[in-house]
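Letter by letter, the chains look like this.
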Amino acid sequence: MTVEQTVASHEEATLLARHPRLVDVGIALLCVPAVLAPGIGDGGAATPGLLAPLDGPGQLLALVACAVLLLRQRLPWGVLGVTVLLALVSLTRLPDAAQVTLPSLFATYTVASRSTLRTTVTVAVAVPSAVVGALLLAGLPAGEALQRGVLPWTVLAAALGIAARSQRLALDAARLRARQAESTRDEEAQRRVAEERLRIARDLHDVVAHQIAVVNVQAGVARHLLDGEPADTAGAREALGHVREASGAVMRELPAFLGVLRAGDETAPAPTAAEVEELIAAARRSGLDVRARVSGDPHRLDRGAALATYRVLQEALTNAARHGDGSADVEVAHGPGSTVVEVVNVVRPGAPAGGGHGLVGMRERVATHGGTLEAGADGDRWRVRAEIPVRA
């Protein structure tokens, strides 16, 4: 049974938790005939050692004690004091009228259900002791007073109160666990949504930004060549060809990316060594002078690390094309324990400093696979270096 089912079953079974006022009225009404009942004997006459009928003042005290039980939920200690006091007064007048202690037993139960174990034990001892004292004042012998001291009934009332308190505490704990479980589920759902949004933004940036940067650079080159005197139509045609190629790459990659989103998982295959080489070749075709050196065995990379390597190289080449002088030095070294990707380019004067979402995305990808990334200016050069561990 789950925590929620436990809470529901307890709430359905606990009448007191749903209708406390109705229960108090019922207890008070049941108490009235019990304490006003005549003694057991011939014709209702008092029989020694049994319940004796109450006279007029005794009945009035009993009715007041029963009426006070209506306040036991709000004033448990006050009700206990009043009912015990009224019972003691009645017992000093009529020692055989033991039924007058019934309201005090209900009050004892209420106090026990809301107090600590030490307090409950104290009450369970104090109430019978007070009753015995009242009977001694009424002139009963000590042995008979102890016999009529309602100790067993008081202990029973206290035990029932302890059981009710334990059940209530268990129910409160179950409710707390249910609320905490619900809160944890909500927080986990929000965390997953945030992570998914971040992954979508990062992947969309990686897929589109590189090719858009190529389009932007080559469109600028084409315009510059066409505006020249004389216009270099051959060079402009070549630049527009690069624009067409880059835009076509975006159109090819976006459907695959959207398919990944619909699937809800990164199911696209990891870039291969050939695709890394093609990425470098595409950067060269776009006009970036790339001096590359690739060494080692790239097949030792797992899918996630291979994708991170590809994206870091892609972002670094994009930044080099946008903010550099048109050249970049690339080194990809697949070692036995890690893969190192390093891209260095001269920063064009007036180019904005790094700090966009591309660098953030690179750091997140590398950190996800336990690697490190360094990116920053080194004089007039910009250096990006990522080291990604190779996992078995």
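Above this text sits the structure in question.
This is a predicted model, so every value here is computed, not measured.

Caption draft 1: A look at the overall build of the chain. Counting its regular elements, the chain contains 13 helices and five strands. Within the chain, the fraction of its 392 residues that count as buried is 37%. Sequence separation of 24 or more characterises 68% of the internal contacts of the chain that already satisfy a separation of 6 or more. Only carbon and sulfur atoms are counted for the fraction: they give 62% of the accessible area of the chain, which is about 21400 Å².

Caption draft 2: Summary view of the sheet that holds strand S2 (residues 327–334). Strands sit in the order S1-S2-S3-S5-S4 across an open sheet of five strands; the sheet is mixed. Only two strands of the sheet have a single partner each, and these edge strands are strand S1 (289–296) and strand S4 (372–378). Neighbour-to-neighbour, the strand axes of the sheet open up by a mean angle of 10 degrees, direction not taken into account. Those strands touched by helix H12 (residues 303–323) are S1, S2, strand S3 (338–346), S4 and strand S5 (381–389), and its axis lies near 5 degrees from that of S3.

Caption draft 3: Looking closely at the side chain of Ser338. Mapped onto the secondary structure, Ser338 falls in strand S3. At 3.1 Å, the side chain of Ser338 and the side chain of Glu387 are in polar contact.

Caption draft 4: Quick peek at a nonpolar patch on the surface. A surface patch of nonpolar side chains, amounting to about 420 Å² of accessible area, comprises Val25, Leu29, Leu70, Leu71 and Leu75. Position of Leu71 among the secondary structure elements: in the loop between helix H4 (56–68) and helix H5 (76–93). Here Leu71 falls in the partly exposed class, since its relative accessible area comes to 36%.

Caption draft 5: Structural context of the pattern of salt bridges. Tallying each qualifying case throughout the model produces 11 salt bridges. For Glu374, the salt bridge goes to Arg383, with nearest N and O atoms at 3.5 Å. For Arg383, a relative accessible area of 26% corresponds to the partly exposed category. Between Arg385 and Glu387 there is a salt bridge, and its shortest N-O distance comes to 3.7 Å. Look at Arg385 and you get partly exposed, because its relative accessible area is 22%. The exposure class of Glu387 is partly exposed, given its relative accessible area of 30%.

The rules behind the values
- Residues numbered from 1 in each chain as written.
- Predicted model: local features only at pLDDT ≥ 70, side-chain atom pairs only at ≥ 80, totals over all residues.
- Heavy atoms only, no water.
- Helix = DSSP H or I, 4+ residues; strand = E, 2+ residues; numbered from the N terminus.
- Buried < 20%, exposed > 50% of the residue type's maximum accessible area, 1.4 Å probe, protein only.
- Contact = heavy atoms within 4.5 Å.
- Areas by Shrake-Rupley, 256 points an atom, 1.4 Å probe, with all protein chains shown as cover.
- Pairing = 2+ DSSP bridges.
- Axes fitted to C-alpha atoms, helices over the stretch in contact; angles between N-to-C directions.
- Polar contact = N/O pair within 3.5 Å; in protein donor to acceptor, adjacent residues only side chain to side chain.
- Patch = residues over 30% accessible without salt bridge, like charges linked within 9 Å, V, L, I, M, F, W, Y side chains within 5 Å.
- Salt bridge = Lys/Arg side-chain N within 4 Å of Asp/Glu carboxyl O.

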